[in-house]
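The lines below spell out each chain.
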Amino acid sequence: MEADINQSDVAELKTWLFKENIRLEKEREALATAMKEIEEERKLLDIQKELLIKQKNKNALIQKQLDSQNELFEKKWKLLEDETRRLAIDKQRFERDKEYFADEVKREKFKSQAPVFTTNPKMFFVGIDSGVALKKRYKELLKIFHPDNVCGSNDVVLAITKEYESLKRYYIG
C-alpha cells in the first residue's frame, strides 16, 4: 500500500507540478507582457520628456525674443517721446518766430505807408532841368505812388502834385 500511496502521491504530485508549471509559465508570459508594456510606456514617457524639454527650450527662446522686442519697443517709445517733445518745442519756437515776423512785417508796412517825404518834399524832381523832363517824371511818379498800387499812398501823391505845381510855374511858365 505504501507503494500505492507513493504511486498515487507521486501521480498527484506530478499532476500538481504539471499544473503548477503551466500556471508559472502563464505567469511568466503575463509578466513578460507586462514588462513589454512597461518598457513601451517608459519609451513613451521618454519621448514625452524630450518633447517637454524641447517645448521648454522653445518657450525660453520665445520669451527671450519677447523680452528683446519689448526692450526695442521701449527704446523706440522713448525716442518717439523725445522727438515729440522736440517737435512741440520747435512748434512753439516757430509760433514765436511767426509772431515776431508778422509784427516785423506790420512795422515795415507801417513804415512804408508813412509819408517819408515830409522833411524834404522837394526831392521828387531832383535833377530835372526842363519842362518835358518835369512832365515825364511826374507821370512816372504817379504810376509808382498811385493809391491803387501796393506802395501807393494819398499823402505821397499830394506831396508829388504840390511839388509838381510849384516847379511847373518855374519851368513851363
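Overview of the structure. Since the model is a prediction, treat every value here as computed from it, not as a measurement.

Considerations on the overall build of the protein chain
Point 1. Secondary structure assignment for the protein chain yields 3 helices and 0 strands.
Point 2. Put simply, 47% of the contacts in the protein chain that link residues at least 6 apart link residues at least 24 apart.
Point 3. Accessible surface computed for the protein chain: about 15,600 Å², of which carbon and sulfur atoms make up 59%.

Some points on a positive patch on the surface
Point 1. Taken together, the side chains of Lys135, Lys139, Lys143, Lys168 and Arg169 make up a positively charged region of the molecular surface.
Point 2. Going through the elements one at a time, helix H2 (131-145) and helix H3 (154-171) are the ones with two or more residues in the positive patch.

Remarks on H3
Point 1. Between the first and last C-alpha of H3 there are 25 Å, a value that for 18 residues agrees with the 26 Å anticipated at 1.5 Å per step.
Point 2. Within H3, the full set of buried residues consists of Val156, Val157, Ile160, Glu163 and Tyr164. Buried residues along H3 cover an arc of 135° about the axis, so they all sit on one side. Turned more than 90 degrees away from the buried face of H3 sit Asn154, Leu158, Lys162 and Arg169, all of them exposed.
Point 3. Lining the buried residues of H3 we find H2.
Point 4. Measuring from the side-chain oxygen of the N-cap residue of H3 to the backbone nitrogen of Asp155 gives 3.4 Å; that N-cap residue is Ser153.

Brief notes about the nonpolar core
The nonpolar side chains of a soluble globular protein tend to be buried with one another.
Point 1. Phe124, Phe125, Ile128, Leu134, Tyr138, Leu141, Phe145, Val156, Val157, Ile160 and Tyr164 together form the largest nonpolar core, which totals 11 residues.
Point 2. Elements supplying a minimum of two residues to this core: H2 and H3.

Brief notes about the packing of aromatic side chains
Point 1. A full pass over the atoms with the stated rule returns 5 aromatic pairs.
Point 2. Ring geometry for Tyr100 and Phe101: centres 5.3 Å apart, planes at 70°, overall edge-to-face.
Point 3. Aromatic ring contacts, followed pair by pair, group Phe125, Tyr138 and Tyr164 into a single cluster.

Conventions we followed
Residues numbered from 1 in each chain as written. Predicted model: local features only at pLDDT ≥ 70, side-chain atom pairs only at ≥ 80, totals over all residues. Heavy atoms only, no water. Helix = DSSP H or I, 4+ residues; strand = E, 2+ residues; numbered from the N terminus. Contact = heavy atoms within 4.5 Å. Areas by Shrake-Rupley, 256 points an atom, 1.4 Å probe, with all protein chains shown as cover. Patch = residues over 30% accessible without salt bridge, like charges linked within 9 Å, V, L, I, M, F, W, Y side chains within 5 Å. Salt bridge = Lys/Arg side-chain N within 4 Å of Asp/Glu carboxyl O. Lys, Arg positive; Asp, Glu negative; His and termini not counted. Charge placed at Lys NZ, Arg CZ, Asp CG, Glu CD. Expected span 1.5 Å × (residues − 1). Buried < 20%, exposed > 50% of the residue type's maximum accessible area, 1.4 Å probe, protein only. Arc of directions from axis to C-beta. Polar contact = N/O pair within 3.5 Å; in protein donor to acceptor, adjacent residues only side chain to side chain. Core = buried A, V, L, I, M, F, W, Y, C linked by side-chain atoms within 4.5 Å. Phe/Tyr/Trp six-rings, centres within 6.5 Å; stacked < 30°, edge-to-face > 60°.

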